[in-house]
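Residue-level listing of the chains:
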Protein chains: 2
Amino acid sequence: VTTELPERQLRDLAGARTNVTVATAESCTGGNVASRIVSIDGSSAYFLGGIVAYANDVKHRLLGVPEDILANPGAVSEETAIAMAEGARRAIGTTFAISTTGIAGPGGGTARKPVGLVYIGLSGPNGTFAEEHVFPGNRGDIIHAATQRALDLLVQAINTSS
Amino acid sequence: VTTELPERQLRDLAGARTNVTVATAESCTGGNVASRIVSIDGSSAYFLGGIVAYANDVKHRLLGVPEDILANPGAVSEETAIAMAEGARRAIGTTFAISTTGIAGPGGGTARKPVGLVYIGLSGPNGTFAEEHVFPGNRGDIIHAATQRALDLLVQAINTSS
């Protein structure tokens, strides 16, 4: 059992491999995932950059999320999270990319998409997938939980890749 | 004298004007400026997105920083900060953009460009400029100080624009 911060695990994993580079594509976390990665000295060896795509237009133009996906099922969806992660991996040119899109609140929630609903996407050499979460708490809690899970997912994906 | 956080001042200023939108272009702060903006409820009304350009190649391809500027005077320079801010304003499509590029350390410093040297760029309707700072402290201190100054500069620029 390790209690080490995931951004430090990322440094230990990615810093030891020359073929691992990382990008971020963040909506609801708004740069928190990138800033946690960059808080670690030496992160420039594997973190190349990220896109904070808060507006849908930015998700489409800079990350290539199709407009029909943004219309339905919408920006907060598994499909958007997958397209964001793939778009960041392509645009930044990395082996791995992590994405977040969700409703941090306190406004913006609906019956079908409540506050706290977050999709986290991961794209790597073995493909792309997304997870659905509903995180409890206030805006800060939700952003923190989504950031933490995104970093954990990225570490897991690198750990299990060849 | 106000002690209100600059990200709250930004909300009060930009939220009240329909013609103010904001983008970020971050190198050394690595997403911290964007994440401070997004920590405020309602920021989606004026914050459209940002680019974390950690690698020079990302500064060139996504923000349009000329390769000859990145070669000399280099990525940590007034010229790069200005090109990053203009590039973010253009790529994201906002009225204002703020940029950061510097040496957060502990490695990477030289006699001419010491750890703590940070350039902060601001682009808006009245033009583009950059400030030079040398912030004291460790990596976290430098990232925090640069983030705080970037947010203050953005608030000032919006405050003094028509």
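Everything quoted here is computed from the prediction, not taken from an experiment.

K.L.:
Where do I start with the interface of chain B and chain A in this structure?
P.N.:
How big an interface is tends to be stated in terms of accessible area lost as the parts join. Across the boundary between the two partners, chain B contributes 32 residues, which contact 32 residues of chain A. For the pairing of chain B and chain A, the buried interface totals around 2100 Å² over both sides, and the portion due to carbon and sulfur atoms is 59%. Its largest share of buried area at the contact with chain A, chain B owes to Val38, Val52 and Tyr54 of chain B, together 24% of the area lost on that side. Counting across the interface, chain B meets chain A through zero salt bridges. Connecting chain B to chain A are 14 residue pairs in polar contact (both at pLDDT 80 or more). Mapped onto the side of chain B that touches chain A, the elements with two or more residues apiece are helix H2 (32-38), strand E2 (47-53), helix H3 (56-63), helix H5 (78-93) and helix H6 (139-160) of chain B. The leading source of residues in the side of chain B that touches chain A is E2 of chain B, at seven residues. The class makeup of the residues in the side of chain B that touches chain A is 17 nonpolar, twelve polar and three charged.

K.L.:
Help me out: how do you make sense of unusual backbone geometry in this one?
P.N.:
Trans is the common state for peptide bonds, and a negative phi is the common state for residues other than glycine. Omega for the bond connecting Asn72 of chain A with Pro73 of chain A falls within 30 degrees of zero, at 15 degrees, which places this linkage in the cis form. Locating Pro73 of chain A in the fold gives a position in helix H4 (residues 67-74).

K.L.:
Whenever I open this one, helix H4 (residues 67-74) of chain B confuses me. Can you help?
P.N.:
Every α-helical turn comprises 3.6 residues, leaving residues that sit three or four positions apart pointing alike. Residue and element names in this part refer to chain B. Among all positions in H4, only Ile69, Leu70 and Gly74 are buried. Projection of H4 onto a plane perpendicular to its axis shows the buried side chains occupying an angular sector of 100 degrees, all on one side. Exposed residues pointing more than 90 degrees away from the buried face of H4 are listed as Glu67, Asp68, Ala71 and Asn72. Against H3 and H5 lie the buried residues of H4.

K.L.:
Please clarify how the pairing of strand E4 (residues 117-124) of chain A should be interpreted in this entry.
P.N.:
Regular strands show a simple pattern: their side chains alternate between the two faces of the sheet. All names here are of chain A. With eight of eight residues buried, E4 is to be regarded as a mostly interior element. Because side chains alternate across E4, one face comprises the buried residues Leu117, Tyr119, Gly121 and Ser123, and the other comprises Val118, Ile120, Leu122 and Gly124, equally buried. Relative to E4, strand E3 (residues 96-102) runs antiparallel, the two being bridged by six bridges. When the sheet's bridge partners are listed, Ser99 is paired in E4 with Gly121. When E4 meets strand E5 (residues 127-134), the two strands line up antiparallel, connected through eight bridges. Each residue of the ladder has a partner; that of Tyr119, found in E5, is Glu132.

K.L.:
When you look at the pattern of salt bridges in this model, what are you seeing that I'm missing?
P.N.:
Opposite charge on two side chains allows them to pair when their charged atoms are near. Per the counting criterion, the structure on display carries eight salt bridges over all chains. Two residues, Arg11 of chain A and Asp12 of chain A, come together in a salt bridge whose shortest N-O distance is 3.0 Å. With a relative accessible area of 26%, Arg11 of chain A lands in the partly exposed category. Of the charged contacts, one joins Glu131 of chain B and Arg149 of chain B as a salt bridge, the two residues approaching to 2.6 Å between their closest N and O atoms. Note that Glu131 of chain B is positioned in strand E5 (residues 127-134) and Arg149 of chain B in helix H6, a separation of 18 residues in sequence.

K.L.:
Is there a simple way to explain the relation of the copies chain B and chain A in this structure?
P.N.:
Two chain copies here: they are related by a rotation about an axis and a translation along the same axis. Mapping chain B onto chain A is achieved by rotating through 180 degrees and translating by 0.0 Å along the same axis, at an RMSD of 0.0 Å. Taken together, the rotation angle and the small translation identify this as a two-fold axis. Taken as a fraction of all interface residues of chain B, those also at the interface in chain A reach 100%, which identifies the copy contact as same-surface.

K.L.:
Please explain the side chain of Glu7 of chain B as it appears in this structure.
P.N.:
Residue and element names in this part refer to chain B. Tracing the backbone shows Glu7 in helix H1 (residues 6-14). Look at Glu7 and you get buried, because its relative accessible area is 4%. Those residues in contact with Glu7, other than ones at most four positions away along the chain, are Arg36, Ile37, Ser39, Ile40, Tyr46 and Leu151.

K.L.:
Is there a simple way to explain the environment of Val58 of chain B in this structure?
P.N.:
Mapped onto the elements, Val58 of chain B comes out in helix H3. Looking at Val58 of chain B, the relative accessible area reads 1%, which means it is buried. Expressed as a C-alpha distance, the spacing of Val58 of chain B and Thr3 of chain B, which sit 55 residues apart in the sequence, is 36 Å. Sequence-distant contacts of Val58 of chain B, that is, excluding residues within four places in its chain, are made with Leu48 and Ile92 of chain A together with Val52, Ala53 and Leu63 of chain B.

Here is what the cut-offs are and how they apply
- Residues numbered from 1 in each chain as written.
- Chains lettered and ligands numbered in written order.
- Predicted model: local features only at pLDDT ≥ 70, side-chain atom pairs only at ≥ 80, totals over all residues.
- Heavy atoms only, no water.
- Contact = heavy atoms within 4.5 Å.
- Buried area = accessible area lost by both parts, 1.4 Å probe.
- Salt bridge = Lys/Arg side-chain N within 4 Å of Asp/Glu carboxyl O.
- Polar contact = N/O pair within 3.5 Å; in protein donor to acceptor, adjacent residues only side chain to side chain.
- Helix = DSSP H or I, 4+ residues; strand = E, 2+ residues; numbered from the N terminus.
- Nonpolar A, V, L, I, M, F, W, Y, C, P; charged D, E, K, R; others polar.
- Buried < 20%, exposed > 50% of the residue type's maximum accessible area, 1.4 Å probe, protein only.
- Arc of directions from axis to C-beta.
- Pairing = 2+ DSSP bridges.
- Least-squares fit on C-alpha atoms with pLDDT ≥ 70 in both.

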